[in-house]
Every structure is written in C-alpha cells, then in structure tokens.
Amino acid sequence: MSLFNVYPLFDITPVKAKDVYVFDEKGTKYLDLYGGHAVISIGHSHPEYVNSISEQVSKIGFYSNSIQNPLQVKLALTLGKLSKCEAYQLFLCNSGAEANENALKLASFHTGKKKVIAFKNSFHGRTSAAVAATDNPKIIAPLNAQQEVEFIELGDLVSVEKALVKNDVCAVIIEIIQGIGGLDESTTEFYQGLSKLCKKYNSLLIVDEVQSGFGRTGDFFAFQKHNITPDIISMAKGMGNGFPIGGILIHPNIEASLGLLGTTFGGNHLACAASLAVLNVLESENLMQNAKDVSRYFKEKAKSLSNLKSVKGRGLMLGLEFDFNVSELRKKLIFEHHIFTGSAKNPDVLRILPPLTIQKHHIDVLFKALEKELLDLSGFKNLTGLKEN
Ligand SMILES: Cc1ncc(COP(=O)(O)O)c(C=O)c1O
C-alpha cells in the first residue's frame, strides 16, 4: 500500500529529538525553530513529559468518556489557574480543527443561528465548518462550501457591523495573530470593538488560539493583551507538546446539556497526562517569561538584517518579512545550516515558531546563518544586476 500523497516533503527523516534539536537517521543535528509547526512548547522529549506519559500508559492509557476521569478535572483546574480563565468550562477533543468545529457548532446551538463571520487570510483547520471559515478556496470542497461564511478584512469593524445587523450570525471567529496568513494582528480598539458588536447582536466571539495559545506569545493566550472576554477559546498545538489534544474553553454563560458535544478519544488519560506535564513545565521553568525575553532579543537582532521589511508577531510566534520570496533561503537554512524554519501564505515571510525553551544563543545561530545568506544574495544580485524582488 502507498501513502496518499498530500504533503510536499523535505528529504529529512528525524528519528530523535531533544529540547530544541532534532536528529535525523544519519545523526545530523537540526536546530528546530519551527517546533513541528508551533506544536513543541516545552521542548522535545522533556523528561517530565516523558515520565508523565510513560507512567500513565503503564496504568491506564484510555477509556471512553462514559466513566469518571479525574485527570480531566485536574487538567481543567490547572489550566484555569495558569491561564487565568478559571470561570470557563473545558471541553476536550483531539486537534485544532476539531476544537474550532466544536466551537462553531456550540455557537450555532447557543444562538439558534447559522451564519459565520471570519477574516481574510484566516486558517481554522480542515473539518467542515472550520475549513469553510478558512480563507483558502483550494481546500474547501463543494460539501464544505454549503456553510454560510462571510470573509471580512482584518480591522474592518464597519463591515463586521453591516454583516451582523441582519441578525443571522452565530459566531465571529478570529485568530488574534494570524498564523499561516502571515502574523498580522489588528489593534486593541478593533478587538474590543469586535467583542462589543458580538454582544450587541447576540453572536459569539470565538478566538482561535490553536497556534497562539499555551504561552507562545508570552501571555497564556494572545487575546489577553487586548483585555477582551471571548465566548469561546479554541486550543491545540502547544497543549500536548506533540501529543494530539485540543480543546475549547467555554464562557459560563453557555450552558452544557448532556449529549450536546462528544468524542471518543478526546480527553483520554494519556492526552491529559501530556497536557498536565506541559502546564507544569510552562510554570516551573517560567517559559512564558522566556518567550518574552528571547522575543525581545530576536527583534533587537533583526534590526541589523539587510533586505528586511518588517518583523511580525509576538513572543515566539514570529515572522521575518523580507523583500524577496524566502523559499530558497528556507532551503539553504535547512540543508546548509541545519535550521528548521516555517513558511507563510505570504511568500516573503519566514516563520519562527521554536520551542518556548529556546535560548538567546540559539537565536544567534539563526542570525549568523541569515547574515551569510543575505550577503551571498546581495553579491549574486550585484554580479547579475538583478533587481531586488
Ligand atoms: C490558527 C489555527 N487554527 C486551527 C488549526 C488547525 O489545527 P489542526 O491541524 O490541529 O487541525 C491550525 C493549524 O495549523 C491553526 O494554525
């Protein structure tokens, strides 16, 4: 049997990983500034994480959601305390798309409405409602296109109100900092205005923190900088440090009823053990503060780079926007300097999404490599007389 070929793959086979490093089968060591797509939060193979999962699997790894699972209760309490979202209720699932799918479904149940507002350049996952709220027609099948979604320019409150006024919108879904879209973030005034409009027209505000949550921006959630109170917060990636787990935090105004949502695997014992270890390490190693400190250092260093248009993002959800397409640069970073980085919808943006344990000396390694490649690039342009871009 062959694999269904949907991923463009780099010819690298990781077999081992430790903290911020990944090793391939030939023993080559790569600096991981991509975190497996913003997933690795507390570092690869953290000993507390390995112990927590190993101990749990030796006791009980899984049982269905028809029995008591005290680990889910412990996870809700620990997560509430560290995120300062104690009043919210927790529903657990297995991925980011599933978190958003449940968030949208819950908004529709709660309001009795069905239209969704999303934003240009958004990404919310590949399940039915989540993909319909994703601004990428290439991944929306005719089946998904049946959902009613209106896409609005990020920051455009006037158009949001025009769409809400018809009173048929169940939810506005938004990434506070866009991930694959290219790290754009609007103003506090916009997010607060959005929150007010949602309340005025009885629509739920869903903030998609799948990528930005769990400390990546230096705050537990990215929305917290803007002082808003979302109705639903979706989470995944950093939540399990690689173990598949997602979830939504649900405002106390939204009442649960038996059978409203459900899942077989969501919130299983192993997933809870993984996420509890993540929360413990985030707190004990002060990783949110580290994200802020290393981010400040990164932004300072970036000032000296040539060909740079802007540094985007916050904490360790960062992007370097150059004045050229970065795909060749990214390949050189991987194959010549052994550094993993990420790409974005904007082909000029290099994304930096490292484990939150990253240190300043790792950032130095990146900038040394970038300086060399940018120098080579400008030499090449001078030789050939090529115009930039
Ligand atoms: C902001 C955002 N939402 C949702 C998703 C979907 O998550 P998953 O791939 O776990 O379904 C992603 C994944 O990249 C994401 O970045």
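Residues numbered from 1 in each chain as written. Predicted model: local features only at pLDDT ≥ 70, side-chain atom pairs only at ≥ 80, totals over all residues.

Bridge analysis of strand E1 (residues 14-18) against strand E2 (residues 21-24) gives four bridges, and the strand direction is antiparallel. Note that in E2 the partner of Ala17 across the bridge is Val22. Linkage of E1 to E2, two consecutive antiparallel strands, is achieved through a turn of two residues, within which Asp19 is found at a positive phi near 50 degrees. (Pairing = 2+ DSSP bridges. Helix = DSSP H or I, 4+ residues; strand = E, 2+ residues; numbered from the N terminus.)

Here the focus is helix H3 (residues 70-83). Over its 14 residues, H3 runs 20 Å from end to end, which matches the ideal 20 Å to within 8%, given 1.5 Å per residue. Burial in H3 covers these residues: Gln72, Leu75, Ala76, Leu79 and Ser83. When H3 is viewed along its axis, its buried side chains cluster within an angular range of 100 degrees and face the same direction. In H3, those exposed residues whose orientation departs by more than 90 degrees from the buried face are Pro70, Val73, Leu77 and Lys81. At the exit of H3 stands Lys84, carrying a positive phi of roughly 60 degrees. (Expected span 1.5 Å × (residues − 1). Buried ≥ 20, exposed ≤ 12 C-beta atoms within 10 Å, placed from the backbone. Arc of directions from axis to C-beta.)

Quick look at the nonpolar core now. With 109 residues, the main nonpolar core has Val172 and Ile206 as its most contacted residues. Here the element with the most residues in this core is helix H8 (residues 269-284); it accounts for eleven residues. In this structure, this core is formed jointly by two domains, domain 1 (14-42 + 286-384) and domain 2 (47-284), each of which donates at least three residues. Contact partners of Val172, with chain neighbours within four places excluded, come to Ile117, Val160, Leu194, Cys198, Ser203, Leu205 and Ile206. (Core = buried A, V, L, I, M, F, W, Y, C linked by C-beta atoms within 7 Å. Domains from an automatic or database assignment. Contact = placed C-beta atoms within 7 Å.)

Turning our eyes to something else, we now look at the site of the ligand. Taken together, 14 residues sit near the ligand, with Ser95, Gly96, Ala97, Gly125 and Val210 positioned nearest. Ranked by residue count, the leading element in the shell around the ligand is helix H4 (residues 96-111), at three residues. Looking at the shell around the ligand residue by residue, the class counts come to five nonpolar, seven polar and two charged. (Near = placed C-beta within 6 Å. Nonpolar A, V, L, I, M, F, W, Y, C, P; charged D, E, K, R; others polar.)

On the basis of which strands lie adjacent, the open sheet formed by three strands has the order E11-E12-E14 and antiparallel pairing. Single-partner strands in this sheet number two, and they are strand E11 (308-314) and strand E14 (349-352). Averaged over all pairs of adjacent strands, the angle between strand axes in this sheet comes to 15 degrees, irrespective of strand direction. When strand E12 (residues 317-322) meets E14, the two strands line up antiparallel, connected through four bridges. The partner of Glu321 across the bridge, within E14, is Val349. Across the face of the sheet, helix H9 (residues 287-302) comes into contact with E11 and E12 while running at roughly 175 degrees to E11. (Axes fitted to C-alpha atoms, helices over the stretch in contact; angles between N-to-C directions.)

So, about the domain arrangement of the protein. For the protein, the assigned domains are domain 1 (14-42 + 286-384) and domain 2 (47-284). A C-alpha centroid distance of 27 Å is found between domain 1 and domain 2. The interface of domain 1 with domain 2 comprises 23 residues on the first partner and 24 residues on the second. Partitioning the side of domain 1 that touches domain 2 into residue classes produces twelve nonpolar, seven polar and four charged.

This paragraph deals with the sheet that holds strand E13 (residues 339-340). Strands sit in the order E1-E2-E3-E13 across an open sheet of four strands; the sheet is mixed. Two strands in the sheet have a free side with no partner beyond their single neighbour: E1 and E13. Where E2 meets strand E3 (residues 29-32), three bridges bridge the pair, whose relative direction is antiparallel. When the sheet's bridge partners are listed, Tyr21 is paired in E3 with Leu31.

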